[in-house]
Amino acid sequence: MKEDMRFRILKILDNSPEMSQRDLARAVGISLGSVNFQLKALVDKGLVKLGNFSANPDKRRYSYILTPRGIATKTSLTRRFLARKRAEYEALRAEIEALQSEVDGEPTPSE
């Protein structure tokens, strides 16, 4: 779960580095405190760096920019996330086929 959260945060920040922590929390589905904690950890690990919004009059706003190491980590997490989702998809597809066979009155492959 922690890896999925990290993947989602890095993916969102890669596409929207200017996103506020509140919006990021909403997008990922976690609390604002959790986002703050995760962002600090990502910065400490060198995966994300903070940049100020030069165009924004509120100089307290930051952009969260993926570092080269952050991009490499996101790529690795993406591969693992995709592999997990494909496995889940295959398991679900097999379960659906078995249930459909039961409903249709056909014997299941395990019978």
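Here is a short report on the structure shown in this document. (Residues numbered from 1 in each chain as written. Predicted model: local features only at pLDDT ≥ 70, side-chain atom pairs only at ≥ 80, totals over all residues. Heavy atoms only, no water.)

Any two side chains of opposite charge can pair if their charged atoms end up close together. Under the defined criterion, the tally for this structure stands at seven salt bridges. Measuring nitrogen to oxygen at the nearest pair gives 2.2 Å for the salt bridge that ties R84 to D4. One end of the pair, R84, is in helix 4 (residues 68-104); the other, D4, is in helix 1 (residues 2-15), and 80 residues separate them in sequence. Between K74 and D14 there is a salt bridge whose closest N-O contact spans 3.2 Å. Of the two residues, K74 sits in helix 4 while D14 sits in helix 1, which places them 60 residues apart along the sequence. The network of salt bridges with common partners includes E3, D4, R80 and R84. (Salt bridge = Lys/Arg side-chain N within 4 Å of Asp/Glu carboxyl O. Helix = DSSP H or I, 4+ residues; strand = E, 2+ residues; numbered from the N terminus.)

Residues V43, L50 and Y62 make up a contiguous nonpolar surface patch of about 240 Å² in total accessible area. As for its position among the elements, L50 is in strand 1 (residues 48-52). Residue L50 is classed as partly exposed on the basis of its relative accessible area, which comes to 46%. (Patch = residues over 30% accessible without salt bridge, like charges linked within 9 Å, V, L, I, M, F, W, Y side chains within 5 Å. Areas by Shrake-Rupley, 256 points an atom, 1.4 Å probe, with all protein chains shown as cover. Buried < 20%, exposed > 50% of the residue type's maximum accessible area, 1.4 Å probe, protein only.)

Grouped together as the largest cluster of nonpolar side chains are 18 residues, with contacts concentrated most on I9, L13, L24, L39 and V48. For this core, the secondary-structure elements that each account for two or more residues are helix 1, helix 2 (21-28), helix 3 (32-44), strand 2 (62-66) and helix 4. Here this core gets six residues from one element, more than from any other, and that element is helix 1. The contacts of L39, once residues within four sequence positions are left out, are I9, L13, Q21, L24 and Y64. (Core = buried A, V, L, I, M, F, W, Y, C linked by side-chain atoms within 4.5 Å. Contact = heavy atoms within 4.5 Å.)

Geometry only, nothing functional implied.
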